[in-house]
Structures are given as C-alpha cells and as structure tokens.
Amino acid sequence: MGLLSLGTPMDWHESKKWNEHVRENGIEQLLNIFRQHAKRDGDKFLWGDEVEYMLVDVNRKEAQARLSIDHDHILEDLNDEEGHPEQFARAEAANVSFHPEYGRFMLEATPLRPYDGTNLCDYLYVEENMVDRRVVAKELLPANIVPLTLTAFPRMGCATFTLPPAKAIGPASQSLFLPDEIINRHVRFPTLTANIRKRRGAKVSINLPMFPDVNTKLIDDLIPLNRDLFLLDLEPWLGALKPGHVYMDLMGFGMGLSCLQVTMQGSDINESRYLYDTLAPLTPVLLAASAASPIFKGYLVNQDVRWNVISGAVDDRTFIERNVEPYRGYDVFGGLDVLKLDKEHVEKLGGGVGVNGDRVVNSSGDTLLQTLDGKPIQKVPKSRYDSIDSYLGDLQHDTKYFDPQYNDIYSPINSKVLSQLSQEKGLIDEQLSKHFAHLFIRDPLVLFLERIDQDNKLENDHFENIQSTNWQTLRFKPPALYPATRDLLTTPGWRVEFRPLEIQLTDFENAAYSVFISLLSKAIIKFKPNLYVPILKIDENMKTAHNVDAVTKDKFWFRSQDSWGLNHDEFIGYDLLWFDRFINRGNDELGVDEVYLNGYKDKETIEEETANCDDGDNDSDITATSSNGTSANNASLPFSKLLANEIINGSACHPGLIRLIVKLIATELLPETAQHHCDTSKLAQQMTKLQNYLKLVSYRASGKIPTIAHWMRTVVTQSPEYARDSKVTERLNYDLIEKTIHVSDYDFTAAGGLLTEYFGADIALYLKETGYGQ
Ligand code: ADP
Ligand code: MG
Ligand code: MG
Ligand code: MG
C-alpha cells in the first residue's frame with residue numbers, strides 16, 4: 001500500500017495549464033461540501049495532535065550527530081498491512097498513525113483515532129499515545145538512530161550533516177547547501193520543490209539575522225563562492241543574500257522543520273468559525289511561548305522561532321507578486337505565462353493606468369496583467385505559508401463579536417472564485433467566501449496526471465490541493481464529501497487547526513501544549529470570551545514573536561483584559577493552586593454550596609483580593625495605534641499591549657487563559673462523583689498531571705523556566721567549545737543533541753542538574769517523583 005497516491009506528477013510548465021481547472025473544480029467541490037455539511041450540527045468536541053520527528057544518527061565514538069536519510073522505509077513498513085503485518089498491527093494496536101513528511105529523515109505521527117474532548121481521561125491519555133509513537137518507531141530503528149522532536153536540526157545545510165553523507169548537487173533543489181537526498185523519495189516532494197522554484201522564477205531566499213557575538217564575522221561563509229553547477233548558483237550575489245544574515249535557498253530549510261499541530265472539532269460550522277477567530281490573536285503569543293529554534297545552518301541566529309524560515313521556504317510568489325525588482329536577467333513574471341496587453345486594452349481595463357517598465361499597474365500598484373488563462377496577476381503581500389489574512393466572522397454564532405473592520409489588511413482575492421461562491425444565495429456568507437477566495441489566489445503546486453478528472457460530488461482533491469498548500473497559522477478544515485447514505489455524524493465535521501507551535505523535546509511538553517490548546521478551545525466555546533483585535537495587530541505580533549526571548553521581554557497587541565467580556569469574579573480561585581485545594585482533602589471545608597463554584601474562596605476573600613481592581617480601566621492600556629498608524633488613533637479602543645504572562649496567567653483583577661481552563665476542568669470535566677474533592681488516588685494523579693501541564697505553559701510565559709530556544713542558546717554560549725563567533729560546530733551540535741536526548745529520556749542522572757535547569761525545580765520534582773525516565 002502506498003502512503004500517498006501514486007501517479008505521475010506534472011512539471012510546473014505542464015501543470016500550470018490546469019490551474020484554472022483545479023480552481024474551478026475545487027470550488028465546485030467546496031460548494032458541494034457546503035451543500036452537504038453547512039447545516040450539520042451536534043458534532044462532538046473531538047481533537048487530535050500531530051507530532052513531527054527527526055531521525056538523528058548519533059555516533060558517540062566520533063562525537064557526531066547527523067540526520068539519518070536511509071531509514072525512511074520504516075514509514076512504509078508501519079503503513080504496509082500486507083507486506084509488514086506485524087508492524088502495521090503494532091501501530092494499530094497502539095492507536096498511532098504514521099504519516100510521511102517532506103524530509104527523508106522525518107516522520108509525522110498522530111493518534112489513529114481522535115481524542116474525545118468531553119472525556120477528562122483523554123486529556124491524560126495524549127501523552128501515553130505520544131510515548132507509544134516513539135516506542136513503536138524505535139522498535140524499527142537501530143539503537144544509534146533516535147527519533148527526536150527538534151524544531152530545527154542545528155546543522156542542517158552545513159558541509160556534512162546527513163548519514164549517509166550526500167552532496168548538495170541535486171537538480172530538483174539546485175540548493176547550494178541541501179542535497180536532494182534529504183527530500184522524501186515519493187515523487188510528489190521533489191516535484192513540489194522544483195515547481196515552487198519554477199513558478200517563482202528563482203530559488204527561494206531566506207535571510208536570518210546572525211546572533212551578534214564578540215567574534216562574529218557577519219558573513220555567511222558556507223556559501224560557495226565560485227560554484228557554477230546551475231545557472232541559479234549566482235543568486236546570492238544577484239540580490240538574494242542579505243549581508244549579516246544566514247542565507248538559505250531551499251524549501252527543505254522550512255519543510256524540514258518540525259512542529260506541533262492541534263486540530264479541534266466544533267459542534268457546527270458557526271462554533272468552529274468563532275473558535276478560529278478567537279484563537280487567531282493567540283497564535284503569535286503561543287509561538288513565542290513555545291520558542292525552540294535559535295540555531296539554523298550551524299549559526300546562532302538573532303531570533304527564537306522557525307516561522308519566517310518556513311514561510312520563506314515555500315514562497316512561490318514571482319517578483320511582480322512580491323512587488324520587488326527582479327534580479328538582473330531574471331523575469332519579473334517568474335514561471336507565469338503572461339498575456340501581454342496592448343496600450344489600448346490596458347486603458348480599457350483600468351483608466352489612469354501607467355506602464356512601468358514591463359509592468360502595467362493601476363494607481364494602487366495592482367498589476368492589470370493576466371496569465372494566459374485569464375487570471376489577473378496580483379500584488380500578494382504574504383507567502384502561502386504565513387499568518388492568516390482574515391477572520392471568518394462569528395455573526396452566525398450567538399457571540400456576534402465580529403466587526404468587519406477587524407479584517408484590516410490588504411488581502412488579495414480571486415474575484416472569479418468569489419462570484420462562483422456566491423452563485424447559490426445563502427449558502428456561504430461574505431466573510432467565509434472571502435476567506436476561500438483568498439486561499440484560491442494560489443496556484444496548485446503539484447498535480448497528478450491521473451487525478452485531473454474528479455467526481456465533484458464525491459471527491460475533494462482539487463479543493464484540498466489548494467486548501468492544504470495554504471499553510472497559515474490556523475486552518476479552517478471543512479468536512480469531506482460522502483455518499484448520501486452515510487451518517488454524517490460518524491464523519492469528521494468542521495474543524496480548526498492550530499499550527500504555530502514549535503515542537504518540544506519531550507512527550508510531557510508536547511502533551512502539555514496540546515492539552516493547553518484543546519482545553520483552552522473548549523473553554524473558549526464555553527465561556528465565550530471576545531478576543532478580537534485587528535488582523536494588522538496580529539501580524540505585528542507575529543514579527544514580535546520572532547524576537548529573542550519575546551515571551552518574557554516583549555509585549556503583544558491584545559484585547560484589553562477588561563474587554564474580554566468575562567466577569568473576573570467568576571474566575572477567582574481557579575488558578576493553579578485550585579488543583580492543590582481540590583486534591584488535598586480537608587482544604588475544601590468552607591462548606592457552603594458556592595465554594596465550589598467560586599473556586600473554593602469565600603466572598604470576603606474575593607472582595608479583599610479584588611479591592612484594588614479598577615473596573616474598565618487597565619494600566620497597560622495604551623493608545624491603539626499600530627506601527628504604521630493605519631488603525632484608528634482612539635484611546636477608547638479596547639486594545640492594549642500585554643506581556644504573554646498577563647495574557648496567559650492573568651492577574652489579581654483579570655482571569656487570563658489559565659483560569660478559563662481550570663474553571664472548565666472544575667465545572668465541566670470532573671466526574672460527577674468528584675465534585676467537591678478528590679476521592680481516589682487515581683483522580684488525584686490525573687489532576688496533578690493536568691496541573692503540571694498548565695504549570696509548564698504558565699512558567700514559560702512568566703519566565704520562571706526557560707523556553708527551549710533560551711535553553712539551547714545558553715547551552716551553546718556557555719560551552720567551553722564555543723568560540724563566541726555564533727557558530728555551532730560539529731562538536732557543539734553533538735553536545736547539544738546529547739543533552740536533548742537526556743532531556744527527552746528524562747535522564748535525572750545527567751550531569752549539572754540538567755533536568756532541573758530545563759524544567760525548573762518544581763516540575764522536575766514532579767516528573768522525578770512520578771517515575772518519568774525510569
Ligand atoms: P493534517 O496533516 O491535514 O493536519 P492529520 O491527519 O495529519 O491532518 O492530522 C489531523 C489531526 O486531527 C489528527 O491528530 C487527528 O487525530 C485529528 N482528527 C481526526 N479527526 C478529527 C475530528 N473529527 N475532529 C478533530 N480532530 C480530528
Ligand atoms: Mg498531518
Ligand atoms: Mg506535518
Ligand atoms: Mg496538520
């Protein structure tokens with residue numbers, strides 16, 4: 001059984017002839033999805049995570065750690081029921097499912113069946129499932145090859161970083177640094193790589209600022225100066241390279257990174273739209289709170305997260321779409337077939353148009369050119385891997401907080417798609433139509449010859465082709481199409497995927513972040529906070545989230561805490577200490593009915609604690625102007641700049657996200673029999689685990705414990721091997737990988753109190769006492 005549909009992938013120059021065919025049929029499929037599923041309701045709150053692993057070959061004799069690129073067969077084995085029935089059965093029995101990823105050194109694993117989010121036990125089962133995934137994968141690997149959950153392999157792109165070694169001379173990538181042998185063997189992936197380059201009309205170029213240290217030479221000396229294997233080898237010198245930056249030139253630099261994703265299902269489309277919108281302002285905050293990638297291509301960089309790397313790595317926009325000058329001798333239209341317009345035609349199209357060199361633009365800078373198939377060539381401000389462009393709107397949900405003014409960035413739209421979507425009145429409303437019409441400005445990147453013709457009533461591959469190559473911070477996932485006889489409630493419904501999180505080193509942490517997002521989503525649905533801020537502010541926050549230690553040092557635009565629409569009094573007592581009060585019998589003896597609902601605090605205590613809270617006026621409120629001044633300059637707007645700590649942990653006067661989660665656990669997820677205190681030791685253990693999951697996120701936000709990025713940067717910069725030149729040598733890389741292995745194995749015997757340094761004393765003690773690492 002093949003993991004991905006086999007077939008003949010088309011080269012860009014062939015496949016582009018089908019772009020409109022894919023879009024037209026994809027939208028027809030989407031319309032059919034709405035016809036079939038728009039009115040479904042009563043779907044259960046199901047959820048699931050995705051974890052991506054890198055296979056790292058550790059050679060202790062030579063003190064080397066390399067990416068293993070010849071053990072990818074394990075992925076086929078785990079999915080091959082006929083050829084490898086034992087392995088297949090093993091994965092199935094463990095309720096795990098393995099998926100291919102871009103890198104030949106990568107694996108993705110998810111639970112085979114989603115978790116039941118109405119069941120407390122499933123939030124505790126996640127970690128067990130994650131542990132099983134590593135166990136099952138390890139059973140098929142030699143002892144020296146370890147599946148690690150690293151966001152970025154520190155020396156990917158350095159001279160020799162794979163085993164077996166491979167040279168960067170491949171025609172699919174034409175990279176100066178990455179060999180084609182790192183790319184998944186399935187034909188889809190090299191084709192995807194080449195098609196991005198061919199459409200763009202140049203290789204991708206990613207420039208990360210170097211971390212400036214005393215001996216840092218601000219020159220990326222890994223770039224070969226005189227290579228002339230491919231025409232594109234000259235690109236760094238034609239403008240692709242920025243001085244003082246680490247330069248990367250291939251999709252693999254981004255798609256070869258790992259992350260953690262969480263998908264949740266709403267009860268109906270409207271609930272899912274509200275959830276999507278409410279999670280949007282949290283994407284940069286959680287990106288910063290999960291930061292885990294301070295090293296790229298053997299350099300410490302002056303940022304902590306992967307997002308701009310992966311965004312740049314699949315950026316297939318042509319020069320004209322990016323609105324930049326082409327490199328000397330390059331075509332501004334990249335790989336697009338352009339319908340040249342004569343002057344008369346141009347004037348008819350736009351009035352007042354100007355011809356600027358080869359470009360025909362109107363007054364707002366939009367080009368009036370089109371491709372041969374009639375699609376306008378637009379200015380496209382963002383890569384297809386980027387933050388979301390617009391809210392979906394919650395006006396059909398009972399919350400109704402959305403204001404169209406929040407969608408305040410220029411977001412190009414495929415107007416033909418927009419009118420196709422509005423053909424059936426009342427089927428898809430304006431905000432949602434615009435969302436899909438934006439996704440459909442993109443071209444398909446890989447098409448299989450055998451999949452050109454599809455049954456639009458039962459298949460949705462053309463829709464998914466565009467949808468799943470729009471890699472945004474959130475993904476709104478519609479259901480698939482089914483025969484009319486199928487009971488829809490047994491099929492996946494309207495889901496929201498949360499995608500910014502960096503992967504963490506341990507299953508404990510990955511479970512903690514997944515549970516944080518899924519419980520928060522459930523709490524959002526229950527308590528209905530209003531977290532809308534203009535999209536422009538979220539984009540500003542995305543930039544901020546890249547900064548070194550942004551989670552503790554920077555502030556993020558957020559809805560002022562007084563404007564979340566929640567009554568703080570109702571959340572008092574539901575802090576992390578609630579778990580201690582709940583677990584320890586005897587601490588809950590206030591004895592009145594309300595004590596439980598009030599988080600075990602009496603009215604007097606609440607009044608005392610909130611005496612200094614000034615309703616409706618927040619100290620950190622500042623005038624709501626964004627850096628480019630486009631939002632209204634009006635101090636009464638309910639947006640402020642907050643620390644991640646204030647957003648996540650709240651304060652004496654504001655709930656913060658953690659209290660929402662704790663109250664949800666206390667009032668909805670606890671078994672009925674355990675309403676007032678913890679009766680059984682099993683429940684106590686479960687509650688303690690949840691408390692520690694929340695502590696992890698809470699402590700990362702407050703700075704009580706370091707992010708992985710901070711920890712890694714410190715490991716490197718404090719090593720006697722480090723020459724203070726920003727370089728992560730083979731030896732430093734090995735030492736760091738060894739430490740990450742100690743951490744992911746919870747090795748409490750590791751030198752220098754490693755685990756305590758990494759988790760903080762509190763959580764490390766919990767892990768040790770509950771038998772982690774034994
Ligand atoms: P993708 O790569 O497209 O995001 P995957 O299949 O890799 O999709 O992962 C999807 C995640 O969604 C998995 O964790 C899976 O368990 C989970 N999932 C599956 N069905 C549902 C559902 N009905 N509701 C919520 N989550 C689901
Ligand atoms: Mg997946
Ligand atoms: Mg993946
Ligand atoms: Mg996913």
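Details of the structure are given in the entry above.
Residues numbered from 1 in each chain as written. Chains lettered and ligands numbered in written order. Predicted model: local features only at pLDDT ≥ 70, side-chain atom pairs only at ≥ 80, totals over all residues. Heavy atoms only, no water.

Trainee: Quick rundown of the packing of helix α17 (residues 507-527) against helix α25 (residues 681-702)? Include the residues and the values.
Mentor: Axis separation between α17 and α25 bottoms out at 9 Å; the angle between their running directions is 90 degrees. As summarised for this structure, α17 and α25 are arranged roughly perpendicular, according to the angle between their axes. Of α25, the residues touching α17 (which contributes Phe-508, Glu-509, Ala-511, Ala-512, Tyr-513, Val-515, Phe-516 and Leu-519) are Leu-690, Asn-692, Tyr-693, Leu-694, Leu-696, Val-697 and Arg-700. (Axes fitted to C-alpha atoms, helices over the stretch in contact; angles between N-to-C directions. Helix = DSSP H or I, 4+ residues; strand = E, 2+ residues; numbered from the N terminus. Parallel < 35°, antiparallel > 145°, perpendicular 65-115°, else oblique. Contact = heavy atoms within 4.5 Å.)

Trainee: Pulling in residues and values, what's your account of the site of ligand 1?
Mentor: Lining the immediate environment of ligand 1, one finds 16 residues, of which Asp-49, Glu-50, Glu-108, Gln-265 and Lys-477 sit closest. Here Asp-49 contributes a backbone N or O atom positioned 2.8 Å from an oxygen atom of ligand 1. Residue Glu-497 places a side-chain N or O atom 3.0 Å away from an oxygen atom belonging to ligand 1. Summarising the interface, the protein chains cover 76% of the accessible area of ligand 1, which totals 570 Å² for the free molecule. Among the secondary structure elements, those contributing two or more residues to the shell around ligand 1 are β1 (46-59), β4 (106-111), β10 (260-265) and β20 (495-498). The element that contributes the greatest number of residues to the shell around ligand 1 is β1, accounting for 5 residues. (Near = heavy atom within 4 Å. Polar contact = N/O pair within 3.5 Å; in protein donor to acceptor, adjacent residues only side chain to side chain. Areas by Shrake-Rupley, 256 points an atom, 1.4 Å probe, with all protein chains shown as cover.)

Trainee: Just give me the short version of the coordination of the magnesium ion (ligand 4), but keep the residues and values in it.
Mentor: Each angle at a metal carrying four tetrahedral donors should ideally be 109.5 degrees, and each at a metal carrying six octahedral donors should ideally be 90 or 180 degrees. Around the magnesium ion (ligand 4), the protein contributes the donor atoms Glu-50 (OE), Glu-50 (OE), Gln-261 (OE1) and Glu-497 (OE), which lie 2.0 to 2.5 Å from the metal centre. Mapped onto the polypeptide sequence, the residues donating to the magnesium ion (ligand 4) form the spacing pattern E-x210-Q-x235-E. (Donors = N, O, S within 2.8 Å, 3.2 Å for Na, K, Ca; no water.)

Trainee: Talk me through the pattern of salt bridges; I want residue IDs and the actual numbers.
Mentor: For side chains bearing opposite charge, pairing can occur when the charged atoms are close. Overall, the coordinates contain 48 salt bridges when judged by the stated rule. Residue Glu-28 pairs with Arg-35 through a salt bridge whose shortest N-O separation is 3.5 Å. Residue Glu-28 is classed as partly exposed on the basis of its relative accessible area of 25%. According to the relative accessible area criterion, Arg-35 is partly exposed, its value standing at 35%. With a shortest N-O distance of 2.7 Å, Asp-43 and Arg-40 are connected by a salt bridge. The same class applies to Asp-43 as to Arg-40, namely buried. Each of Glu-20, Arg-23, Glu-24, Arg-199, Asp-316, Glu-321, Arg-384, Lys-416 and Asp-443 takes part in salt bridges that share partners, so that together they form one network. (Salt bridge = Lys/Arg side-chain N within 4 Å of Asp/Glu carboxyl O. Buried < 20%, exposed > 50% of the residue type's maximum accessible area, 1.4 Å probe, protein only.)

Trainee: Tell me about the nonpolar core, and name the residues and values.
Mentor: If you look at the biggest cluster of nonpolar residues, it comprises 232 residues, and the most contacted ones within it are Phe-516, Met-687, Leu-690 and Phe-759. If one sorts the elements of this core by residue count, α17 sits on top with 13 residues. Discounting chain neighbours no more than four positions away, the residues touching Leu-690 are Leu-120, Tyr-123, Leu-124, Val-515, Leu-519, Phe-579 and Ile-665. (Core = buried A, V, L, I, M, F, W, Y, C linked by side-chain atoms within 4.5 Å.)

Trainee: For the coordination of the magnesium ion (ligand 3), give the residues involved together with the corresponding values.
Mentor: Looking at the metal site, the magnesium ion (ligand 3) is ligated by Glu-52 (OE), Glu-101 (OE) and Glu-108 (OE), spaced 2.0 to 2.1 Å from it. Each donor residue of the magnesium ion (ligand 3) lies on the same chain, and together they follow the pattern E-x48-E-x6-E. Between the two metal centres, the magnesium ion (ligand 3) and the magnesium ion (ligand 2), the spacing is 4.1 Å, with Glu-108 acting as a shared donor. With a relative accessible area of 6%, Glu-108 lands in the buried category.

Trainee: Let's hear about the pairing of strand β6 (residues 145-148): which residues, and what values?
Mentor: Two faces make up the sheet, and in a regular strand the side chains alternate between them. Burial along β6 is two-sided: Ile-145 and Pro-147 and Val-146 and Leu-148, pointing in opposite directions, are all buried. Sheet topology note: the β1/β6 ladder contains 4 bridges and is antiparallel. Residue Met-54 lies in a different strand from β6, and its bridge partner there is Leu-148. (Pairing = 2+ DSSP bridges.)

Trainee: Give me a nonpolar patch on the surface: which residues, what numbers.
Mentor: A contiguous nonpolar surface patch, about 330 Å² in accessible area, is contributed by Leu-225, Leu-234 and Trp-237. Relative to the helices and strands, Leu-225 resides in the loop between β8 (206-209) and α7 (235-240). Looking at Leu-225, the relative accessible area reads 62%, which means it is exposed. (Patch = residues over 30% accessible without salt bridge, like charges linked within 9 Å, V, L, I, M, F, W, Y side chains within 5 Å.)

Trainee: Please set out α17 residue by residue, giving values where relevant.
Mentor: With 21 residues, α17 extends 29 Å between its outermost C-alpha atoms, agreeing within 8% with the 30 Å of an ideal straight helix rising 1.5 Å per residue. Burial of α17 is extensive: 20 of the 21 residues sit out of reach of the surface. Directly after α17, the chain includes Lys-528, whose backbone phi takes a positive value near 55 degrees. (Expected span 1.5 Å × (residues − 1).)

Trainee: Explain the packing of aromatic side chains residue by residue, including any values.
Mentor: The tally for this structure, following the rule as stated, stands at 37 aromatic pairs. Pairing Tyr-102 with Phe-189 gives two aromatic rings, centres 6.1 Å apart and planes at 80 degrees, and the pair type is edge-to-face. Linking Tyr-102 in the loop between β3 (96-99) and β4 with Phe-189 in helix α6 (residues 188-200), this pair joins segments that are 87 residues apart in sequence. An identical accessibility class is assigned to Tyr-102 and Phe-189; each is buried. Taking 5.7 Å as the distance between ring centres and 20 degrees as the angle between the ring planes, the aromatic pair formed by Phe-476 and Trp-494 counts as stacked. With Phe-476 in strand β19 (residues 474-477) and Trp-494 in the loop between β19 and β20, this residue pair connects regions lying 18 residues apart in the sequence. Following the ring pairs from residue to residue traces out a cluster consisting of Phe-508, Tyr-693, Trp-711, Tyr-746, Tyr-758, Phe-759, Tyr-766 and Tyr-772. Cation over ring: Arg-322 sits above Phe-319, and NZ or CZ is 4.9 Å from the ring centre. (Phe/Tyr/Trp six-rings, centres within 6.5 Å; stacked < 30°, edge-to-face > 60°. Lys NZ or Arg CZ within 6 Å of the ring centre and 35° of its normal.)

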